[in-house]
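# Geometric and topological summary
The residues making up each chain are set out below.
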Amino acid sequence: HYSGLEEAVYRNIQACKELAQTTRTAYGPNGMNKMVINHLEKLFVTNDAATILRELEVQHPAAKMLVMASHMQEQEVGDGTNFVLVFAGVLLELAEDLLRMGLSVSEASYILITVIEGYEKACKKALEILPDLVCCSAKNLRDVEEVASLLHTSVMSKQYGNEQFLAKLIAQACVSILPDSGHFNVDNIRVCKIVGAGISASSVLHGMVFKKETEGDVTSVKDAKIAVYSCPFDGMITETKGTVLIKNAEELMNFSKGEENLMDLQVKAIADSGANVVVTGGKVADMALHYANKYNLMLVRLNSKWDLRRLCKTVGATALPRLTPPTLEEMGHCNSVYLSEVGDTQVVVFKHEKEDGAISTILIRGSTDNLMDDIERAVDDGVNTFKVLTRDKRLVPGGGATEIELAKQITSYGETCPGLDQYAIKKFAEAFEAIPRALAENSGVKANEVISKLYAMHQEGKKNVGFDIEAEAAAVKDMLEAGVLDTYLGKFWGIKLATNAAVTVLRVDQIIMAKPAGGPKPPSGKKDWDEDQND
């Protein structure tokens, strides 16, 4: 017999457990892919928890709490979303075990408060222990080889087998645009996906790549001076309509000639200012195109305002709202702009030869759109990991090593605590075992065997020993030597957010949803009640 409180809490826990179970099988390099079809019937094949959650429509309010915690981890760190879900799900599962321990109805709310207090104490202790588990720090974030080795783990969980190649690409792109101030912006790494070839044909370019063709005859410009316009490349249109009365053929000829001369003067003024590339955000008129070809101007049209803004930032230009000749300060510069063909796709490349450009583009090649989307997600995780390292260079061992060490130390801490909350603290420690357990299960290895081996090694004081994913049997190895490392901030925020989400769900005893009340519908009345009946 459950009280109303327990019944509500169990229902909430059940919803969260089901959600966590969905992504748990996708955890780690050997995690299974999920095939998600969203409300627009778009297909996603991925093991990236952030994408799975974004495309799923989670209805249950308690399960939404876990989704929100996962989104917070995505915004704060950019990786480790699955860790938050799996850990929070296990915390709730173990809280349910504590509630089922045969307590009488009157004590249900008391035990819940005890569990919550125990979890909060254990979380605080875990975050105190975490700095002691740091095994190394990034030394030089401008060394491509070192950065690539630090990004391996993050990329490996999404693209197992291609991690070395992709980590090197991401490292080259990130290091090339890391400013002297150290404030790295993830938006400065762009991704351009072109179908064809294979992953190994992917490359990094300093500058920007657009899947567009040039409008005019000029397809290549060296030492480009770029004028950017947010308006159409066309003659001025008057704001009010005017009527022109033409009496004979000569007046008609003169009228169109006047328009041509005006266009000619506008384009000539742009060419005379020194610009040799024009980028426009609107349509290109045929007459304007003719004069652009006449004055050897390369013409590129970008429909996206977002692309236009990004290009302005890359080349250092100012987007002009009207077709006026640009000043030297308003013009952008780059080494070359040229039309190229990648596979069978025409691309326009704005290339910076110098290393310290504002923006880098990773050109991804692949056989299918789904594959390239998944590589793009791996690239995003790698870039976010680099950003985290610019904020905090500390690293902790991966492969479940950090989790087992935390579990060991928090269990010891629980034994020193008096009162009922010691049970909750020990359950919190037990929850950490879920991470190496998920890695082992997804690799097809006996999880209990792996966890007992890990505990044995950690009792000997070997803090960096984690699960060896590449071994065929239940094996363990030193994660620092293997180069399997997680960011300190990723773990810190993951533990904090997962605990917060679990505690919030446990505090809820009722879900009240505002919905339209039932009952008969109001009378609709006559539509034409105010019209005269005699009409």
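What you see is a predicted model, and the numbers here were worked out from it, not measured in a lab. (Residues numbered from 1 in each chain as written. Predicted model: local features only at pLDDT ≥ 70, side-chain atom pairs only at ≥ 80, totals over all residues. Heavy atoms only, no water.)

### Description of the overall build of the chain
Across its full length, the chain carries 17 helices and 16 strands. In summary, the chain has a C-alpha radius of gyration of 31 Å against a globular reference of 24 Å for 535 residues, an excess of more than 25%. C-alpha atoms of the chain, sized along the principal axes, occupy 105 × 85 × 40 Å. Expressed as a percentage of its 535 residues, the buried residues of the chain come to 50%. Look at the contacts in the chain between residues 6 or more apart in sequence, and 75% of them connect residues 24 or more apart. Just so you have it, the chain exposes about 26,400 Å², and 51% of that area is on carbon and sulfur atoms. (Helix = DSSP H or I, 4+ residues; strand = E, 2+ residues; numbered from the N terminus. Rg over C-alpha atoms; globule rule 2.2 N^0.38 Å. Buried < 20%, exposed > 50% of the residue type's maximum accessible area, 1.4 Å probe, protein only. Contact = heavy atoms within 4.5 Å. Areas by Shrake-Rupley, 256 points an atom, 1.4 Å probe, with all protein chains shown as cover.)

### Points about the nonpolar core
Within the largest apolar cluster, 77 residues are counted, with the highest numbers of intra-cluster contacts made by Tyr119, Ile410, Phe428, Phe432, Ile495 and Leu506. Looking at this core, the element that brings in the most residues is helix α4 (residues 81-99), giving 13 residues. Core analysis: the second largest hydrophobic core is formed by 34 residues, Cys135, Val204, Ile364 and Ala378 among them. (Core = buried A, V, L, I, M, F, W, Y, C linked by side-chain atoms within 4.5 Å.)

### What to know about the packing of aromatic side chains
Overall, the coordinates contain nine aromatic pairs when judged by the stated rule. Residues Phe87 and Phe432 carry aromatic rings whose centres are separated by 4.6 Å and whose planes lie at 25 degrees to one another, so their mutual orientation is stacked. Of the two residues, Phe87 sits in helix α4 while Phe432 sits in the loop between α13 (421-431) and α14 (434-442), which places them 345 residues apart along the sequence. Relative to Trp493, the ring of Phe492 lies with its centre 5.8 Å away and its plane at 85 degrees, an arrangement referred to as edge-to-face. Phe492 gets classed as buried once you look at its relative accessible area, which sits at 19%. The rings of Phe83, Phe87, Tyr119, Phe428 and Phe432 are connected pair by pair, giving a single aromatic cluster. Lying across the ring of Phe83, Lys491 places its NZ or CZ 4.9 Å from the centre. (Phe/Tyr/Trp six-rings, centres within 6.5 Å; stacked < 30°, edge-to-face > 60°. Lys NZ or Arg CZ within 6 Å of the ring centre and 35° of its normal.)

### Digging into the pattern of salt bridges
Between side chains of opposite charge, pairing is possible as soon as their charged atoms come close. The tally for this structure, following the rule as stated, stands at 26 salt bridges. Here Asp79 and Lys158 are joined by a salt bridge, their closest N and O atoms 4.0 Å apart. Placement of Asp79 in the loop between α3 (61-76) and α4 and of Lys158 in the loop between α6 (144-156) and α7 (163-176) is noted, with a sequence separation of 79 residues between them. Each member of the pair, Asp79 as well as Lys158, carries the same accessibility label: buried. Between Glu433 and Arg437 there is a salt bridge, with the nearest N and O atoms lying 3.8 Å from each other. Judged by relative accessible area, which is 15%, Glu433 ranks as buried. Judged by its relative accessible area of 22%, Arg437 is partly exposed. By sharing partners, the salt bridges in this structure join Asp48, Asp79, Lys158 and Asp381 into a single network. (Salt bridge = Lys/Arg side-chain N within 4 Å of Asp/Glu carboxyl O.)

### What to know about the state of the cysteines
Scanning all chains against the criterion turns up zero disulfides. No disulfide involves Cys192; its nearest neighbouring cysteine sulfur is the one of Cys334, lying 16 Å away. Taking the relative accessible area as the measure of exposure, Cys192 reaches 4% and is therefore buried. (Disulfide = S-S within 2.5 Å.)

### Points about α13
Because an α-helix completes one turn every 3.6 residues, residues spaced three or four positions apart along the sequence face the same direction. Of all eleven residues making up α13, eight are buried, and the element is well covered by its neighbours. Those residues of α13 lying buried are Asp421, Gln422, Ala424, Ile425, Lys427, Phe428, Ala429 and Ala431.

### Quick notes on unusual backbone geometry
Notably, Glu41 is not glycine yet its phi reads approximately 65 degrees, a positive angle. Phi is positive for Asp223, close to 50 degrees, though the residue is something other than glycine. By the secondary structure assignment, Asp223 is in strand β6 (residues 220-229).

### What to know about the pairing of strand β2 (residues 43-46)
Residues of β2 alternate between two faces, with Phe44 and Thr46 buried on one and Leu43 and Val45 left unburied on the opposite face. With four bridges joining them, strand β1 (residues 34-37) and β2 adopt antiparallel strand pairing. Directly across from Ile37, in β2, lies its bridge partner Leu43. Between β1 and β2, which pair antiparallel in sequence order, lie five residues; one of them, Glu41, sits at a positive phi of approximately 65 degrees. (Pairing = 2+ DSSP bridges.)

### Concerning the packing of α6 against α7
It is at 8 Å that the axes of α6 and α7 come closest, and there the two elements cross at 125 degrees. With respect to α7, the axis of α6 lies oblique. Seen from above, α6 lies across α7 with right-handed handedness. Where α6 approaches α7, its residues Val144, Glu145, Val147, Ala148, Leu151, His152, Val155 and Met156 are matched on the opposing element by Glu163, Gln164, Leu166, Ala167, Lys168, Ile170, Ala171, Gln172 and Val175. When grouped by side-chain class, the residues that make up the contact of α6 with α7 number eleven nonpolar, three polar and three charged. (Axes fitted to C-alpha atoms, helices over the stretch in contact; angles between N-to-C directions. Parallel < 35°, antiparallel > 145°, perpendicular 65-115°, else oblique. Left-handed = near helix turned anticlockwise from the far one by under 90°. Nonpolar A, V, L, I, M, F, W, Y, C, P; charged D, E, K, R; others polar.)

### What about the environment of Asp264?
Within the secondary structure, Asp264 sits in helix α8 (residues 249-272). Assessed through its relative accessible area of 16%, Asp264 is described here as buried. Taking C-alpha positions, Asp264 is 9.4 Å from Lys294, a pair spaced 30 residues apart along the chain. Excluding anything up to four places from it in sequence, Asp264 contacts Tyr291, Lys294 and Tyr295. Polar side-chain contacts of Asp264 include one of 2.6 Å to the side chain of Tyr295. (Polar contact = N/O pair within 3.5 Å; in protein donor to acceptor, adjacent residues only side chain to side chain.)

### Thoughts on the sheet that holds strand β13 (residues 394-397)
Strand order in the open sheet formed by three strands is β3-β13-β16, with antiparallel pairing between adjacent strands. A strand with exactly one partner marks an edge of an open sheet, and here the two such strands are β3 (136-137) and β16 (485-487).

### Some words on a nonpolar patch on the surface
Among the surface-exposed residues, Val244, Ile246, Leu252 and Phe255 lie close enough to one another that they form a single nonpolar patch of about 370 Å² accessible area. Examined against the element boundaries, Phe255 turns out to sit in helix α8. (Patch = residues over 30% accessible without salt bridge, like charges linked within 9 Å, V, L, I, M, F, W, Y side chains within 5 Å.)

### So, the domain arrangement of the chain
Per the domain assignment, the segments making up the chain are domain 1 (4-135 + 396-507) and domain 2 (205-366). Computed over C-alpha atoms, the centres of domain 1 and domain 2 are 53 Å apart. (Domains from an automatic or database assignment.)

### Describing the side chain of Asp374
Looking at the element boundaries, Asp374 is found in helix α11 (residues 369-391). Of note is the side chain of Asp374, whose polar atom sits 2.9 Å from the side chain of Thr46. Residues contacting Asp374, with those up to four places away along its chain left out, are Val45, Thr46, Lys158 and Gln159.

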